Structures are given as structure tokens and as C-alpha cells.
Amino acid sequence: MKHVKNLIVGCGLSAAVLAERIASELKEEVFIIDKRDHVGGNIYDYKDRNGITVHRYGPHVFHTSDSKVWDYLSQFTKWHYFMYQVKAMIDGKIVNIPFNLNTIQEVFPKALANRLEEKLLEQFDFNTKVPILELRKIKDKELEFLANYIYDKTFLGYTTKQWGVRPEDIDESVTNRVPIYISRDNRYFQDKYQAIPLCGYTEMVRKILDNPLITIQLNTDFDSIKNDITYERLFYTGPIDEYFGYKFGELSYRSLRFEFVEYATEYYQLGPQINYSENYDFTRVVEYKYYLDEISSKTIISYEYPQEFERGKNERYYPVPKDINHEIYKKYNEEANKLSNVYFLGRLGDYKYYNMDQIVARALVLFEELKK
Ligand code: FAD
Ligand code: UDP
């Protein structure tokens, strides 16, 4: 029987940050396992044969307004400063998303666009954000037309593909991530810090994990070792329902199928990400060389096809924020709270639609609690 002081299941970003804190500050040994053959979890990236850094599990742009998180990660990476802009295809035209005052000018004839802008500015302050489901509640003929247009052309198709349900049938927090922006700011995020690790996410994670007290064993599922190992503390970043043998039912997830295609052309599209709400079965097309401004005569892109998560068939990518899942999660969380030396964290352990910065913050807070 192997005995370890700290066992971490999963070697994604949450695990890396926690392991680093425990090893650096408490000077304790940490043993990490991951069932995949690489570190980094879903932020894993690699250089392809043309020298382009590809995000294996879809486009990742780091953004935060939390200077603690920014300063923490900045110890392990230099940054390529990058203000993210996303485009969407509407009626054959590439326009800005989130839908903002510029998008209005891009899609409507000038007179109508000006009228809509004026109407919006009568209702909302400049530089405010309005969730689509809120905009649809406004009782004004022209704004109703605008809200329905944005809903039909940018949210309905995309959300139905991504989540398998219409926008109003999933928590508002999902579509609130991309609100209508009463502004001329074309960025996808307004956070103070936005960047891509200069040498990639995997390299940043390797640096975080680079401590003689941290040992990593890949290609190892928790299930395959749990009867042969004891620990003082277990940190579980895998799915919480799996840990408890699904005894309160299975938490649902959305998955994705990525189709990577290399083209013998310098650039394939106008920017890193184009969303396709109304057309095709994929949601977005991502061109990777844009993220670090990499030069090559070839290019590599991915088409993202959302799918239902099915155990054993594909990967869990998105927790599904819906009442039924919140109820099931609550039961698992109550069960987790009864355990004195087992902690759950991460997108799968907490069953939360976390961005990377929230993951880092969560691991840092958990570490502070451990120290008490
Ligand atoms: P994960 O990265 O999921 O790591 C969990 C690890 O645990 C995995 O490696 C898994 O193999 C392992 N594991 C699970 N079960 C077991 C087991 N039983 N035994 C052993 N190992 C196990 N965030 C942003 O901030 N900006 C973005 O642009 C962004 N884009 C995203 C795009 C996509 C398509 C997706 C899916 C996510 C995106 N995110 C983005 C979110 C980001 O990926 C997550 O916040 C972060 O990767 C979560 O880290 P984690 O450690 O919780 O989990
Ligand atoms: N969304 C949409 N159309 C878009 C962009 C986003 O309908 O063009 C909705 C969709 O439901 C999506 C959610 O907003 O899942 C959150 O979008 P985000 O870009 O944050 O998704 P992520 O990058 O996390 O996949």
C-alpha cells in the first residue's frame, strides 16, 4: 500500500495551483495523478508541425480583473498581451460580437441603425451591458424588433447547438456571459488583464508544477489506484458525482467534438474566432496562429461541434447550469462536507462553469483555508 501526504486527482490548472502552494509554502509532498497522457487538463496546448500553438480542447484566452490571480500566474509565465475580439457570421456578413453599437451600424441601413442607437441610449447608459433575455422584455416596438433580431441571429442557433436547449431554457448566467454592450468597445471581455501565456498554457502549467516535492503520474485513473493508496488529504478535481459512484444520479455535461483542419494558406479567416449561430452544425471556427501571432505559410483551424456528454464516449467540458443539476450537485456537496480530509475543486469537482481566473482564485482560497 502506497502512502502519500497529499493526493491530487486530476492535473489541470486547479490541481497545479494547489500543488504549487502546498509544496512551496507548506513544504509538503504532493502526488498528482491524471488519467490523460498530459498535464494541464483542458488548457493543454502544443506546437504543431508548422510551429503553431494549438489549444487541444478549444480556444483559451486568459482574462481577469483580479490582480492577485494575475500576479500569481505572472510568476510562471511571460505574457503575450492580447485583447480578444470575436466575430459572428450574420446573413453572410462578418460582424462584431458581443452585439454592440458598432454591430448595429454593421447590420442595419444607416437611418434605422441611428434610430435604434438613439432608442437604446434613451433606455440604457452608454457603456452598460444588457443581457439578451432582459432586452427582450423592453416594451418598445423598435427595441422589440432589435431584441428579436439579435436573439434570432446570434443566440438562438448557437445556444441550441451548444446546450441542446433554447436560451430561455438554461440559466440566464449562460447567455449573460455575452451581453449586448451599449458601447463601441469591440472586445469580448473588458477585464483589466487579458493575455495568452507567451510560451503556451502547457509550459506555464509545467512551470507551476516544477517543484521537487511534486510528483506526477499520468495515464492513471483514480479508480485504478484508489484501493492501493492511502493519503492524509485528497483533493479531487475530477467529477464529484463520479467520486460518489453516482449515488444521487448523474450530473449532466455538454461535450464537444473538435475537427482540426490544416490549410495550405497563410490565413483562413479574418480573426481568431468566428461564431456561426445560424449556419452549419458547428458553433465556432477558431484559427490558432492568431493567439500568439505565429508566422507560418500554413494555418490550422478547428470546427467545434457540441454534443451531449456520454460516459466512456467523450469528455466532460461544460457543467450544465440548470435547476435539476443544482439540486443534484447540492446533495453531492452535502456528502462532500461530511468528509474531513477530502476536498473538491475545479470545474468538475465544484460543478461550476469557471473561467481560468476563477479556477486560480478558487485554488488560492482553498489553500488559505487549509493553512488555518
Ligand atoms: P480540467 O482542466 O477539466 O482538469 C481536470 C483533470 O482531471 C483532467 O485533466 C482530467 O483528465 C482529470 N481527471 C478527471 N477525472 C479523473 C479521474 N477519475 N482520475 C484521474 N484524472 C481525472 N477559460 C477561460 O478563462 N478563458 C477561455 O477562453 C476558456 N475557454 C474554454 C473553452 C473550452 C472549449 C472549454 C471546455 C473551457 C474553456 N475555459 C476557458 C475554461 C477552462 O478550461 C477551465 O476553467 C479550466 O481548464 C478548468 O481547470 P480544472 O483544473 O478545473 O479542470
Ligand atoms: N452565445 C451565443 N452566441 C454567441 C456567443 C455566445 O448564443 O455568438 C451564448 C451561448 O449560449 C454560449 C454562451 O453564450 O454557450 C456563453 O458564450 P461564451 O463565449 O462565454 O462560451 P465559452 O467560451 O465558455 O464556450
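Quantities reported herein were computed from a predicted structural model and do not represent experimental measurements.

Draft legend 1. Broad picture of the site of ligand 1. Taken together, 34 residues sit near ligand 1, with Ser-14, Asp-34, His-60, Arg-347 and Met-356 positioned nearest. Here Lys-35 contributes a backbone N or O atom positioned 3.1 Å from a nitrogen atom of ligand 1. Here an oxygen atom of ligand 1 sits 2.7 Å away from a polar atom, N or O, in the main chain of Met-356. Listing elements by their share of the shell around ligand 1, those giving two or more residues are helix H1 (13-26), helix H12 (346-349) and helix H13 (356-371). The residue makeup of the shell around ligand 1, split by class, is 16 nonpolar, 11 polar and seven charged.

Draft legend 2. Representation of the packing of helix H2 (residues 67-74) against H13. At a minimum axis separation of 10 Å, H2 and H13 run at an interaxial angle of 90°. In terms of their interaxial angle, H2 and H13 are classed as roughly perpendicular. Of H13, the residues touching H2 (which contributes Val-69, Tyr-72 and Leu-73) are Asp-357, Val-360, Ala-361 and Leu-364. Considering only residue class, the contact of H2 with H13 consists of six nonpolar, no polar and one charged.

Draft legend 3. Looking closely at the site of ligand 2. Taken together, 15 residues lie near ligand 2, and Trp-163, Arg-177, Tyr-188, Tyr-318 and Tyr-353 sit nearest. Interatomic distance of 2.8 Å between a side-chain N/O atom of Arg-177 and an oxygen atom of ligand 2. Between ligand 2 and the protein, one listed contact pairs an oxygen atom with a side-chain N or O atom of Arg-284 at 3.1 Å. Here ligand 2, which alone exposes 530 Å², has 93% of that area covered by the protein. Broken down by element, the shell around ligand 2 gets its largest block of residues, six residues, from helix H6 (residues 141-163).

Draft legend 4. Here's a closer look at the packing of aromatic side chains. Here the structure, examined in full by the defined rule, presents 44 aromatic pairs. Taken together, a centroid distance of 6.2 Å and an interplanar angle of 15° make the contact between Tyr-84 and Phe-189 stacked. With Tyr-84 in the loop between strand S6 (79-81) and strand S7 (86-90) and Phe-189 in the loop between strand S10 (180-182) and strand S11 (193-197), this pair connects stretches of sequence that are 105 residues apart. Summarising the burial analysis for this pair, Tyr-84 and Phe-189 share the class buried. Considering the side-chain rings of Tyr-188 and Phe-189, the 5.2 Å spacing of their centres and the 75° angle between planes classify their relative orientation as edge-to-face. Pair check on accessibility: Tyr-188 and Phe-189 agree, each one buried. Chaining the aromatic ring pairs together yields one cluster made of Tyr-57, Phe-82, Tyr-84, Tyr-188, Phe-189, Phe-258, Phe-260, Tyr-288, Tyr-291 and Tyr-317. For the cation-ring pair, Arg-177 lies above Tyr-353, with the distance from its terminal atom to the ring centre recorded as 3.9 Å.

Draft legend 5. Representation of the side chain of Thr-77 within the structure. Within the secondary structure, Thr-77 is located in the loop between H2 and S6. A relative accessible area of 12% means that Thr-77 is categorised as buried. Leaving out residues up to four positions away in the same chain, Thr-77 has contacts with Pro-197, Leu-198 and Met-204.

About the criteria used
- Residues numbered from 1 in each chain as written.
- Chains lettered and ligands numbered in written order.
- Predicted model: local features only at pLDDT ≥ 70, side-chain atom pairs only at ≥ 80, totals over all residues.
- Heavy atoms only, no water.
- Near = heavy atom within 4 Å.
- Polar contact = N/O pair within 3.5 Å; in protein donor to acceptor, adjacent residues only side chain to side chain.
- Helix = DSSP H or I, 4+ residues; strand = E, 2+ residues; numbered from the N terminus.
- Nonpolar A, V, L, I, M, F, W, Y, C, P; charged D, E, K, R; others polar.
- Axes fitted to C-alpha atoms, helices over the stretch in contact; angles between N-to-C directions.
- Parallel < 35°, antiparallel > 145°, perpendicular 65-115°, else oblique.
- Contact = heavy atoms within 4.5 Å.
- Areas by Shrake-Rupley, 256 points an atom, 1.4 Å probe, with all protein chains shown as cover.
- Phe/Tyr/Trp six-rings, centres within 6.5 Å; stacked < 30°, edge-to-face > 60°.
- Buried < 20%, exposed > 50% of the residue type's maximum accessible area, 1.4 Å probe, protein only.
- Lys NZ or Arg CZ within 6 Å of the ring centre and 35° of its normal.

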